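Analysis of the macromolecular model
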Amino acid sequence: MSEQKISEASGLVAAARVHRDPLALVVRFQSLIGLVVVAIGGVIFSPRRHGEILFLNPDNIANIVRAVSETGIIAIGMTFVIITAGIDLSVGAVLGLSSVVTASMMISGGFGLIPTILAVLVMGIAFGVIQGTISSRFRLEPFIVTLAGLQAARGLALVVSGNQYINISYGDGPGLAPPVFAVLGERLFNNTVPVATIVFIVFAAIATIVLNTTRFGRYVFAVGGNERAARISGVPVSMVKISVYAITGFAAALAGIVHAGQFNFGSANDGMGYELTAIAAVVIGGTSLFGGAGSMVGTVAGTIMLGALANILQLNNITPAMQLLATAAIIVLAAVLQSLVRRREGLGR
């Protein structure tokens with residue numbers, strides 16, 4: 001049977017399962033359902049000012065999508081890894097390292113915009129390749145490898161920055177960054193759409209095409225669905241695993257560049273906890289922690305849902321502790337639904 005026919009057959013089987021099991025349908029679209037519920041809740045519980053619903057204020061909507069842009073970029077990369085039943089805990093630290101290197105190259109090194117961006121992106125890819133190679137070559141758990149990677153990236157960021165903020169000032173002379181870099185902190189289209197959000201959307205669109213329409217995307221699903229069967233079928237499992245970690249490293253580096261551009265500084269402590277937020281967005285988006293299933297659209301919806309939820313709670317002066325508890329409850333609910341579906345399909349224990 002050809003690769004195309006296998007892919008089509010797998011899609012038909014998955015669709016049949018969804019039609020037979022309403023719970024599977026809920027899990028498949030849980031992020032979109034959750035986003036609608038959160039949006040309705042935002043309208044109902046939003047404070048009013050002069051009769052205006054603050055949650056629906058254009059500036060507030062722009063603030064939501066801007067706030068989730070960096071974690072959203074990371075979550076897009078993380079989706080590839082989790083579909084292969086892996087995990088990457090280093091992405092937040094790689095973001096911090098990337099922001100520091102970006103600021104350092106332009107301010108201290110005198111590098112131009114393009115060389116800086118290319119160097120940082122290559123660094124992120126290399127970091128991911130190293131982690132993927134170690135995990136695949138020595139058959140180590142990705143959790144352990146990327147946990148070590150987290151520590152390594154933080155250590156490197158501290159060395160590069162000297163544990164100091166590297167402020168970014170703009171101009172044409174020595175010690176100044178190219179003024180065009182400041183565009184990452186601006187908004188376009190009548191000052192409504194943050195540039196960071198545009199980067200997030202474009203990256204998500206490219207990732208969606210790669211995952212859903214390319215041979216590599218089919219390989220990613222195959223490795224996550226059944227690694228042994230994929231290897232027997234001729235799928236280059238090791239190369240796929242290394243590639244998805246390279247993509248995650250690229251995404252973290254891209255997010256670090258955007259971070260430096262938005263806030264005009266680089267810090268070794270930037271990105272702390274971002275890996276957990278990204279994983280949460282991916283899981284809420286319907287990507288299975290067991291591997292073999294997931295979607296970029298779900299991840300984008302999950303990312304925005306988390307941002308909208310946090311915004312609603314902030315508008316109502318809910319403490320950060322309650323925000324964390326609410327997020328935790330949503331993650332657990334999403335994981336429980338995934339587990340129930342697997343058991344109904346006979347895939348669980």
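Looking at an unreviewed UniProt entry, one finds the chain named ABC transporter permease and attributed to Mesorhizobium calcicola.

Here we come to the packing of helix α5 (residues 69-83) against helix α13 (residues 274-284). As a packed pair, α5 and α13 sit with axes 8 Å apart at the nearest point and diverge in direction by 65 degrees. Here α5 runs over α13; the crossing is right-handed. Packed against α5, whose contacting residues are E70, T71, I74, A75, M78, T79 and I82, the element α13 presents Y274, E275, T277, A278, I279, A281 and V282 at the interface. Considered class by class, the residues forming the contact of α5 with α13 number nine nonpolar, three polar and two charged.

This next bit is on the pattern of salt bridges. Evaluated as defined, the whole model comprises three salt bridges. Put simply, D59 and R187 hold a salt bridge, and the shortest N to O gap is 3.8 Å. On the criterion of sequence distance, the pair formed by D59 in helix α4 (residues 58-67) and R187 in strand β4 (residues 187-188) is long-range, its members being 128 residues apart. Classification of R187 as partly exposed rests on a relative accessible area of 23%. Measuring nitrogen to oxygen at the nearest pair gives 3.3 Å for the salt bridge that ties R231 to E227. With R231 and E227 both in helix α11 (residues 227-232) and four residues apart, the pair spans about one turn of that helix. Here E227 falls in the partly exposed class, since its relative accessible area comes to 25%. A network of salt bridges, in which partner residues are shared, links E227, R231 and K241.

What follows concerns the UniProt feature "transmembrane region" (unreviewed entry) in the chain. In this structure's numbering, the residues bearing the UniProt feature "transmembrane region" (unreviewed entry) are residues 25-46, 67-87, 107-130, 193-211, 242-260, 272-290, 297-315 and 321-341. The span residues 272-290 shows a helical share of 58% and a strand share of 0%, and its end C-alpha atoms are spaced 25 Å apart. For residues 297-315, the end-to-end C-alpha separation is 27 Å, with 100% helix and 0% strand making up the annotated structure.

Mean pLDDT for the chain: 86, with 90% of residues reaching 70 or above. Overall, residues 5-19 carries pLDDT values under 50, and its contacts beyond four positions in sequence, including any with other chains, amount to seven contacts.

Before going further, it helps to examine the packing of α5 against helix α9 (residues 195-213). Packing of α5 against α9 brings their axes to within 8 Å, and their N-to-C directions diverge by 15 degrees. On the basis of their axis angle, the class for α5 and α9 is roughly parallel. Relative to α9, the crossing made by α5 is left-handed. Across the interface between the two elements, S69, G72, I73, I76, G77, F80 and I83 of α5 pack against A196, T197, V199, F200, F203, A204, A207, V210 and L211 of α9.

Take unusual backbone geometry next. The residue R139 is not glycine, and still its phi comes out positive at about 55 degrees. With respect to the secondary-structure elements, R139 resides in the loop between α7 (113-137) and α8 (142-161). We classify R139 as exposed; its relative accessible area is 68%. For F189, which is not glycine, the phi torsion reads 55 degrees and is therefore positive. As for its placement among the helices and strands, F189 is situated in the loop between β4 and β5 (193-194).

With that out of the way, let us pick up the packing of aromatic side chains. Using the criterion set out here, one finds four aromatic pairs in the structure. A centroid spacing of 5.0 Å and a plane angle of 65 degrees characterise the contact between Y165 and F265, whose relative ring orientation is edge-to-face. With Y165 in the loop between α8 and β3 (166-167) and F265 in strand β6 (residues 265-266), this pair connects stretches of sequence that are 100 residues apart. Its relative accessible area of 54% is what places Y165 among the exposed residues. Plain terms: the ring middles of F263 and F265 are 6.4 Å apart, the flat faces sit at 45 degrees to each other, and that makes the pair tilted. One aromatic cluster is present, built from ring pairs that chain together Y165, F263 and F265. The ring of F138 carries R137 above its face, with NZ or CZ at 5.6 Å from the centroid.

Here the focus is a nonpolar patch on the surface. Taken together, F29, L32, I33, V37 and V297 make up a surface patch of nonpolar side chains, about 410 Å² in accessible area. Top contributing element to the nonpolar patch by residue count: helix α3 (residues 30-45), with three residues. Mapped onto the secondary structure, I33 falls in helix α3. Residue classification places I33 among the partly exposed residues on the basis of a relative accessible area of 42%.

Calculation rules
Residues numbered from 1 in each chain as written. Predicted model: local features only at pLDDT ≥ 70, side-chain atom pairs only at ≥ 80, totals over all residues. Heavy atoms only, no water. Axes fitted to C-alpha atoms, helices over the stretch in contact; angles between N-to-C directions. Helix = DSSP H or I, 4+ residues; strand = E, 2+ residues; numbered from the N terminus. Left-handed = near helix turned anticlockwise from the far one by under 90°. Contact = heavy atoms within 4.5 Å. Nonpolar A, V, L, I, M, F, W, Y, C, P; charged D, E, K, R; others polar. Salt bridge = Lys/Arg side-chain N within 4 Å of Asp/Glu carboxyl O. Buried < 20%, exposed > 50% of the residue type's maximum accessible area, 1.4 Å probe, protein only. UniProt positions renumbered as here; feature names shortened; annotations may be inferred. pLDDT = per-residue confidence, 0-100. Parallel < 35°, antiparallel > 145°, perpendicular 65-115°, else oblique. Phe/Tyr/Trp six-rings, centres within 6.5 Å; stacked < 30°, edge-to-face > 60°. Lys NZ or Arg CZ within 6 Å of the ring centre and 35° of its normal. Patch = residues over 30% accessible without salt bridge, like charges linked within 9 Å, V, L, I, M, F, W, Y side chains within 5 Å. Areas by Shrake-Rupley, 256 points an atom, 1.4 Å probe, with all protein chains shown as cover.

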